[in-house]
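Summary of structural features
Chain residues, written in single-letter form:
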Amino acid sequence: MTFNHLVEHRNHCPYCSEQLCVLIDGSEQEQEYVEDCQVCCQPMVITVELTGDAETPPRVQVRREND
Ligand SMILES: [Zn+2]
């Protein structure tokens, strides 16, 4: 199941450890994309996996681009 709105997810930058807010597009079951950190501008790879349950938040992983 997917949902057609953006969900805010809080995470930490893998480079500078600042808390950041990632917006997740609920219309795709699985996603991987690169976004620059708002603080240190390094490229983070964000992996999103929807749980299939609107009550359960998506699984989100943030890692360094070269890991
Ligand atoms: Zn950062």
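Refer to the structure above for everything that follows.
Quick caveat, the model's predicted, so the values are computed rather than measured.

For the rest of this paragraph, the subject is the pairing of strand β2 (residues 19–25). The two faces of the sheet receive side chains in turn, since in a regular strand these alternate between them. Sheet analysis places strand β1 (residues 6–12) next to β2, joined by 7 bridges and oriented antiparallel. Paired with His12 across the bridge in β2 is Gln19. In sequence, β1 turns back onto β2 through a hairpin of 6 residues, with Ser17 there showing a positive phi of about 65°.

This part is about the pairing of strand β3 (residues 30–36). Along β3, only 0 of the 7 residues are buried, which leaves the element largely exposed. Relative to strand β4 (residues 43–49), β3 is paired through 7 bridges, and the arrangement is antiparallel. Bridge pairing in β4 links Glu32 to Thr47. The antiparallel pairing of β3 with β4 creates a hairpin that spans 6 residues between the two strands, and Cys41 there sits at a positive phi of about 65°.

Despite not being glycine, Ser17 shows a phi value in the positive range, around 65°. Following the sequence through the fold, Ser17 ends up in the loop between β1 and β2. Of note in the backbone geometry, Cys41 takes a positive phi value of approximately 65° without being a glycine. By the element assignment, Cys41 lies in the loop between β3 and β4.

On to the environment of Asn4, then. Topologically, Asn4 is positioned in the segment before β1. With 7 C-beta atoms packed within 10 Å, Asn4 lands in the exposed category. A sequence separation of 31 residues divides Asn4 from Glu35, and the C-alpha atoms of the two residues are 21 Å apart. Not counting chain neighbours up to four residues away, the residues in contact with Asn4 comprise Gly26 and Ser27.

Read across the sheet, 3 strands follow the order β3-β4-β5 without closing on themselves; strand pairing throughout is antiparallel. This sheet does not close on itself; its edge strands, each paired only once, are β3 and β5 (59–64). Each strand axis lies, on average, 20° off the axis of its neighbour in the sheet, ignoring direction. Across 6 bridges, β4 lies against β5 in antiparallel orientation. From the neighbouring strand, Thr47 faces β5, where its bridge partner is Gln61.

About the criteria used
- One numbering rule holds for all chains: residues counted from 1, following each sequence as written.
- Only residues with pLDDT of at least 70 get local features here, since the model is predicted, and only at 80 or more are side-chain atom pairs given and counted; chain-wide, interface and lining totals rely on the full set of residues.
- What makes two strands pair is DSSP finding at least two bridges between them.
- Numbering of helices and strands starts at the N terminus; helices are DSSP runs of H or I of at least 4 residues and strands are runs of E of at least 2.
- Remark: C-beta atoms are placed from the backbone, and a residue is labelled buried if 20 or more other C-beta atoms sit within 10 Å of its own, exposed if 12 or fewer do, or partly exposed between those counts.
- We call two residues in contact when the distance between their C-beta atoms, placed using the backbone, is within 7 Å.
- Only C-alpha atoms enter the line fits that serve as axes; for helices the fit covers just the stretch in contact. Angles between N-to-C directions range over 0 to 180 degrees.

The quantities given are spatial measurements derived from coordinates; they are silent on function.
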